[in-house]
Amino acid sequence: MKEDLKNIKEKVLADFATYISPMKVRTMKSAALDIVEEKRDGASVWDITGKKYIDCQTGSGIMNVGRHNREIVEALKKALDTYDIGVFLLCSKQNADLAKKLAEITPGDLKCTMFGVGGGEANDAAIKIARGFTMKTEIIYADKAYHGHTGFALSAIGRDEYKKPFEPLIPGFKMVPFGDAGAIEKIVTDDTAAVILEPIQGEGGINIPPDDYLKKVRTICDEHEVLLILDEVQTGFARTGKMFASEHWGVVPDIMTIAKSLGGGLYPISATIFTEEIMDFFIPHPFIHLSTFGGSDLGCIVGLETIKFIEKHHLADHAVEMGKLFRKGFDSLLRDYPDLLLEVRQKGLMMGLQFTNQSIGPRMSKKLSERGVIAIYTGNNPSICRLMPPLIITPKEVDIVLNALEGSMKELSQESGIGKED
Amino acid sequence: MATEKEILDALADYQVQCNNNKRLRRMQRDWSKLLHFVAEDTGDVFTMNVVKGEIISNEAGAKGTPDIIVTTHSESLCDMFWGDLNPSQKYLDGEIRVKASQEDVVRLDAITMIIWPDV
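Report follows, based on the coordinates. (Residues numbered from 1 in each chain as written. Chains lettered and ligands numbered in written order. Predicted model: local features only at pLDDT ≥ 70, side-chain atom pairs only at ≥ 80, totals over all residues. Heavy atoms only, no water.)

Take the nonpolar core next. Formed by 63 residues in total, the largest nonpolar core has its most connected members in A:Leu102, A:Phe237, A:Phe330 and A:Leu405. Per element, the largest residue contribution to this core is eight residues, and it comes from helix α12 (residues 297-312) of chain A. If we skip the residues at most four places from it in the chain, A:Leu405 touches A:Phe330, A:Leu333, A:Leu353, A:Met364, A:Leu368 and A:Leu387. In terms of nonpolar packing, the next biggest core, distinct from the first, is built from 31 residues, B:Ala2, B:Ala39, B:Ile68 and B:Phe81 among them. (Core = buried A, V, L, I, M, F, W, Y, C linked by side-chain atoms within 4.5 Å. Buried < 20%, exposed > 50% of the residue type's maximum accessible area, 1.4 Å probe, protein only. Helix = DSSP H or I, 4+ residues; strand = E, 2+ residues; numbered from the N terminus. Contact = heavy atoms within 4.5 Å.)

Our next topic: the sheet that holds strand β14 (residues 377-378) of chain A. Residues and elements named next belong to chain A. On the basis of which strands lie adjacent, the open sheet formed by four strands has the order β11-β12-β15-β14 and antiparallel pairing. Both outer strands of the open sheet, β11 (341-347) and β14, are each paired with one neighbouring strand and no more. Two elements, β11 and strand β12 (residues 350-355), share six bridges in a ladder whose sense is antiparallel. Residue pairing for β12: Glu343 is matched across the bridge by Gln354. (Pairing = 2+ DSSP bridges.)

Here the focus is the state of the cysteines. Within the structure shown, the criterion is met by zero disulfides over all chains. Among the cysteines around A:Cys112, which has no disulfide bond, A:Cys91 carries the closest sulfur, lying 14 Å off. By relative accessible area, which is 11% here, A:Cys112 ends up buried. The thiol sulfur of B:Cys78 is not disulfide-bonded, and the nearest other cysteine sulfur, from B:Cys18, lies at 15 Å. Residue B:Cys78 is classed as buried on the basis of its relative accessible area of 7%. (Disulfide = S-S within 2.5 Å.)

On to the pattern of salt bridges, then. Residue and element names in this part refer to chain A. Counted according to the given criterion, the structure contains 38 salt bridges over all chains. For Lys11, the salt bridge is made with Asp15, and the minimal N-O distance between the two is 3.0 Å. Residue Lys11 and its partner Asp15 are located together in helix α1 (residues 2-19), separated by four residues, close to a single helical turn. One salt-bridge network, held together by shared partners, links Arg363, Lys367, Arg371, Glu411 and Glu415. (Salt bridge = Lys/Arg side-chain N within 4 Å of Asp/Glu carboxyl O.)

All names here are of chain A. Estimated volume of the second largest pocket: approximately 1100 Å³. At the level of secondary structure, the elements contributing two or more residues to the lining of the second largest pocket comprise α1, α2 (22-30), β1 (37-41), α3 (58-61), α8 (160-163), β14 and β15 (381-387). If you tally residues by element for the lining of the second largest pocket, the top one is α2, at five residues. Classifying every residue of the lining of the second largest pocket by side-chain character gives 16 nonpolar, eight polar and ten charged. (1 Å grid on protein atoms, 1.4 Å probe; cavity = no way out; pocket = protein on both sides within 12 Å on 5 of 7 lines; lining within 4 Å. Points joined across faces, edges and corners; volume = space filled by probe spheres on them. Nonpolar A, V, L, I, M, F, W, Y, C, P; charged D, E, K, R; others polar.)

With that out of the way, let us pick up helix α5 (residues 93-105) of chain A. Residues and elements named next belong to chain A. Given a rise of 1.5 Å per residue, 13 residues ought to cover 18 Å, and the 19 Å separating the end C-alpha atoms of α5 matches this to within 8%. What α5 keeps buried is the set Gln94, Leu98, Ala99, Lys101, Leu102 and Ile105. For α5, the angular spread of buried residues about the axis comes to 160°, placing them on one side. Structural note: α5 exposes Lys93, Lys100 and Glu104 on the side pointing more than 90 degrees away from its buried face. In this structure, the buried side of α5 is in contact with β4 (110-116), β9 (255-258), β10 (270-275) and α12. Its side-chain oxygen at 3.2 Å from the backbone nitrogen of Gln94, Ser92 defines the N-terminal cap of α5. (Expected span 1.5 Å × (residues − 1). Arc of directions from axis to C-beta. Polar contact = N/O pair within 3.5 Å; in protein donor to acceptor, adjacent residues only side chain to side chain.)

Given below as structure tokens:
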């Protein structure tokens, strides 16, 4: 039986390599991450061969409410008895219900929503809205930023590797270091439409800015009549201990983008949320930006149920509590493995372990996988292991992850190639 | 039937309403068009010049080459400029005919929605 399952897995990987991506299979195999997901439940996922893992990758924050959340699955099943995705040109109750809820839970005067399918699409829309509303062209973005792989969003990514092969990109994008408000002040002009930032950079390596950063950026934007776009795709929905990370610093953007966990891990949906004043841009252009599958009726039902689940189970508070347990373990690791672990960056359950060199991130991913934990280094910085477990993770599961980290680091500390690079 | 003077009075009021509405001016700031309004029952024609969302002039007679031609009964023209009728509804009923791009048709309706939200 076990052999049969192994054979099935090999066949899946072979087909994946043949028809989708041979290099992805090769890379995943070498990192012991050639996991073919089968059963999913809570904080855990089971490989097709039956091996159990705690998922600390969660598609970089798709699964805040846990894997295959049963309450939301039931809501989706019930919705499927009556609805399909809906016709995007018509007005929909499900759209209206979710948009109203988003206006309630987002900070300040954010009120109007444009739905999409994924985070890149939401950021594309945000940048288009900023240009259309302000009639200005320049977009300021941050080094190491990640906003998605689509057109406008790609132009705002702070990593050349993702962009170079596709040049020329959309003109008018200017990069600044993340966390330095003064750098924005220096390059903002009368033609700057917007500054786009993640409150905490995810793909860039869990980079948490100085406490006064976003407030300063907000002030600069106000002084120069520039819109502030905050990309909460990874940081949103209680991940950092608040419903949205920008709330930690009391900053309200003009446009906020959300995606990932809005879909409850079950149905893709994203949203670009903006003020009523910005909505005026769409009054003479009501059909200027459309999305066939964006804000499908089923996605909106899932989105609403996901938010209800987060509120009902106080996941923001739980993220803070579980974050504290993790922090205790991280402090021990920092003490015990100074040649391996340089720094821990953490806000709630958005956590990044900064290792002493670039080879350690991938090696840790492998060792963690062998110990039943999925945690993958960040795309823009392989010396950082990103941990973004489901927010429903239990104290017992936190212990399992910490033990896996301890075991992996103990083993790594006895190998060559650790310590700071020259 | 509305007289030329009545229509010009209504247009003058419409001009004030539009130009004094900051929200509308901001919204329409990328819109410059020459419009002809044709009263089909009297044969009168009126020209409106909009530059960057501001109505620069309204005058009797067909001046220049229009981007948009709106044709309807003289009474409907008056009612439209006084905010007494929903032009979108009348357009769909066939009582108002507009020769313009669909985007410009939406723009005209958006102006009404902003100035008279209850119409």
